[in-house]
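This is what each chain is made of:
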Amino acid sequence: MDKPAFPTFPRNFSWGVSTAAYQIEGAVAEDGRGPSSWDAFVAQPGRVVNGDTGEVACDHYHRYREDTALMKDLGIDAYRFSFSWPRIQPGGRGAVNAAGLGFYDKLVDGLLEAGITPAPTLFHWDTPLELEEAGGWLNRDTAERFAEYAGIVGGHFADRIPQWITINEPVVLTMLGYGAGIQAPGLALGFEALPAAHHLLLAHGLGVQALRSAGAGNIGIANNHAATWPASEHEEDLQAAGLYDNIANWIFADPILTGAYPPELEPFLPPVPDADLAVISTPIDWYGINSYNPTLVGAPTAGEAALVDGHELDASLPFSLREIEGYPRTDFDWPVVPAAFTELLLAFKDRYGEKLPPIYITENGAAFNDGPDGEGRVRDSRRIDYTDAHLRALKAAMDAGVDVRGYFHWSLLDNFEWAVGFSQRFGLVHVDYETQKRTPKDSYHWYQELIRSNKERPAGNDEGTLS
Ligand code: IFM
């Protein structure tokens, strides 16, 4: 059946793609880069599917020119990449590695020449190993070290980079890295992981201040959020889902946007000084949301551990994650529920009202593992359907009054998908990891045409559909 015509987006809406350093760069031991928590994690047997590592990944460190040309052809306005902290400060403190900064000089200058706005993230999980070994994000000092690093990068690039992101998805690093042990650094501390959340948020606030002092502006964060659905209307399920919603969503948004943690989480958090909350709520220019699918949560199920991407969660947690049935699924087995994207954005509007700054969707996309067919073409129609439906859901939220300024698709390239290695492909561009050949998929051409037709639509067609 034909889809209804695609809605128009505002003419100044920013279309982009997103990546992260460890997932694409490779070159982990080149030009003075120091080791990170992820280098140590992937070296531990059994941590990553197939023993994959980011040692080479997409070799973007050497192929950034080719990748920039792909982005130019795609027609995007903005590119969200991440700086590798251990490339710039190999030990996470003190001395700066000029060669590390030099790589990003070339990348940023090339993007600007191609007419693409660099919108980098300062930290996308690759904690310098020396800092990880000193306690990582459980240690408050890491937040101070991050502020120092933010000041260095801000000072170097403030004149060339018009949009900044402090930290990517503190929730995932806290829950999967320190809580469940599924990602680096691989600690399974359960609720004892929550200090990591606080220190990441503190680092965000200190980072905003350091960037501003260095002359950088237009700053936000990329937080991961998912609509939380209770497994039933039974009191136990409602309570479990409420707790999970606070731990996965509002603990990361409330302190930034309101200066307070959700009161329901008080029993789980150490006493938090007001001065920290004042730092965390340093005003930001916009708020970034990464979102993929909703989460179904119920009361704990006796003796049965919930699974996250194939890993068992601690069965003693006061909630359980349930399978969402009745929807298509990605190859990563994530449910495809576009309406939950609208629901999530409306929940932000309801919860924060006037306090909600403009929103950017800093990530959204899907893993579908289609490869080249006999003609060398990648027919990833399921990624097109996913993205089409999620952009319509996004527009529905905008039409209902949510101020969204841009969308970064995850991801430009197939890349190293953390604990599942190269087994899941999120790219608009297929990467053959043997040869490093890039093949733009059907979804790349679809996104290119969407961007083009939205930009080039006739004057006057501002609240209509693209023909
Ligand atoms: O690949 C990740 C990214 O690093 C953070 N957000 C989710 C993506 C898909 O899992």
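Up top is the structure.
Our subject in this report is the structure included herewith. (Residues numbered from 1 in each chain as written. Predicted model: local features only at pLDDT ≥ 70, side-chain atom pairs only at ≥ 80, totals over all residues. Heavy atoms only, no water.)

1. Overview of the pairing of strand β5 (residues 164-168)
Along any regular strand the residues' side chains alternate between the sheet's two faces.
Consideration 1: The buried fraction of β5 is high, at five of five residues.
Consideration 2: In this sheet, β5 lies alongside strand β4 (residues 121-123) in parallel orientation, the contact comprising two bridges. Looking across to β5, one finds that F123 is bridged to I167.
Consideration 3: As judged from the three bridges shared by β5 and strand β6 (residues 219-224), these two strands associate in the parallel manner. Directly across from I165, in β6, lies its bridge partner G220. (Buried < 20%, exposed > 50% of the residue type's maximum accessible area, 1.4 Å probe, protein only. Helix = DSSP H or I, 4+ residues; strand = E, 2+ residues; numbered from the N terminus. Pairing = 2+ DSSP bridges.)

2. Examining the environment of N415
Consideration 1: By the element assignment, N415 lies in the loop between β14 (404-410) and β15 (429-432).
Consideration 2: Among the residues examined, N415 registers a relative accessible area of 1% and is labelled buried.
Consideration 3: Placed 390 residues apart in sequence, N415 and E25 show a C-alpha to C-alpha distance of 9.4 Å.
Consideration 4: The contacts of N415, once residues within four sequence positions are left out, are Q23, I24, C58, W410, G421, F422, Q424 and Y433.
Consideration 5: At a separation of 3.1 Å, a polar atom in the side chain of N415 contacts the main-chain carbonyl oxygen of L413. (Contact = heavy atoms within 4.5 Å. Polar contact = N/O pair within 3.5 Å; in protein donor to acceptor, adjacent residues only side chain to side chain.)

3. Here's the deal with the layout of surface pockets
Consideration 1: Roughly 190 Å³ of internal volume is contained in the second largest pocket.
Consideration 2: Along the walls of the second largest pocket sit twelve residues, with F6, D388, W446, L450 and L466 positioned nearest its centre.
Consideration 3: Breaking the lining of the second largest pocket down by element, the ones donating at least two residues are α13 (381-399) and α14 (442-455).
Consideration 4: Among the elements that make up the lining of the second largest pocket, the one with the highest residue count is α14 (four residues).
Consideration 5: When the residues that make up the lining of the second largest pocket are grouped by side-chain class, the tally is six nonpolar, two polar and four charged. (1 Å grid on protein atoms, 1.4 Å probe; cavity = no way out; pocket = protein on both sides within 12 Å on 5 of 7 lines; lining within 4 Å. Points joined across faces, edges and corners; volume = space filled by probe spheres on them. Nonpolar A, V, L, I, M, F, W, Y, C, P; charged D, E, K, R; others polar.)

4. Looking at the site of the ligand
Consideration 1: Inspection of the region around the ligand gives Q23, H124, W125, N168, E169, Y292, W334, E363, W410, E417, W418 and F426 as its neighbouring residues.
Consideration 2: At 2.7 Å, a side-chain N or O of Q23 approaches an oxygen atom of the ligand.
Consideration 3: A distance of 3.3 Å is found between an oxygen atom of the ligand and a side-chain nitrogen or oxygen belonging to W410.
Consideration 4: Contact with the protein chains removes 95% of the 280 Å² of surface that the ligand exposes when unbound.
Consideration 5: The class makeup of the residues in the shell around the ligand is six nonpolar, three polar and three charged. (Near = heavy atom within 4 Å. Areas by Shrake-Rupley, 256 points an atom, 1.4 Å probe, with all protein chains shown as cover.)

5. Some words on the sheet that holds strand β3 (residues 117-118)
Consideration 1: If you trace the nine strands from one edge of the open sheet to the other, you get β3-β2-β1-β14-β13-β8-β6-β5-β4, paired in parallel fashion. The sheet is open, and its two borders are formed by β3 and β4, each paired with just one other strand.
Consideration 2: Where strand β8 (residues 287-290) and strand β13 (residues 359-363) come together, four bridges link them in parallel fashion. Residue pairing across strands places Y287 opposite I359, the latter belonging to β13.
Consideration 3: Each of β4, β5 and β6 touches helix α9 (residues 194-213); the most contacted strand, β5, lies at about 160° to it. (Axes fitted to C-alpha atoms, helices over the stretch in contact; angles between N-to-C directions.)

6. Re the sheet that holds strand β9 (residues 295-298)
Consideration 1: As summarised here, the arrangement of the three strands in space is β7-β9-β12, forming an open sheet in which the pairing is mixed. The sheet is open, and its two borders are formed by β7 (228-230) and β12 (320-322), each paired with just one other strand. Each adjacent strand pair in this sheet contributes to an overall mean axis angle of 45°, direction not counted.
Consideration 2: Relative to β12, β9 runs antiparallel, the two being bridged by three bridges. Among the inter-strand pairings, G298 is bridged to a residue of β12, identified as S320.

7. Some thoughts on the side chain of R425
Consideration 1: Position of R425 relative to the elements: it lies in the loop between β14 and β15.
Consideration 2: When neighbours within four sequence positions are excluded, R425 is seen to be in contact with A366, A367, F368, N369, R383, D414, H430, V431, Y433 and K441.

8. A word on the pairing of β9
Consideration 1: Every second residue of β9 is oriented toward a common face, with T295 and V297 on one face and L296 and G298 on the other, all of them buried.
Consideration 2: Note that β7 and β9 share three bridges and pair parallel. Of the residues in β9, the one forming a bridge with W229 is L296.

9. Looking at the side chain of R80
Consideration 1: Within the element layout of this structure, R80 appears in strand β2 (residues 78-80).
Consideration 2: Of note is the side chain of R80, whose polar atom sits 2.9 Å from the side chain of E363.

10. Observations regarding the packing of helix α3 (residues 60-74) against helix α5 (residues 98-113)
Think of two packed helices as two axes; the pair is described by the angle between the axes and how far apart they sit.
Consideration 1: Running from amino to carboxyl end, α3 crosses α5 at an angle of 15°, the nearest separation of the two axes being 10 Å. Classified by the angle between their axes, α3 and α5 sit roughly parallel to one another. Crossing angle aside, the handedness with which α3 passes α5 is right-handed. Contacts between α3 and α5 involve H60, Y61, Y64, T68 and M71 from the first element and A99, F103, K106, L107, G110 and L111 from the second.
Consideration 2: Looking at the contact of α3 with α5 residue by residue, the classes come out as seven nonpolar, three polar and one charged. (Parallel < 35°, antiparallel > 145°, perpendicular 65-115°, else oblique. Left-handed = near helix turned anticlockwise from the far one by under 90°.)

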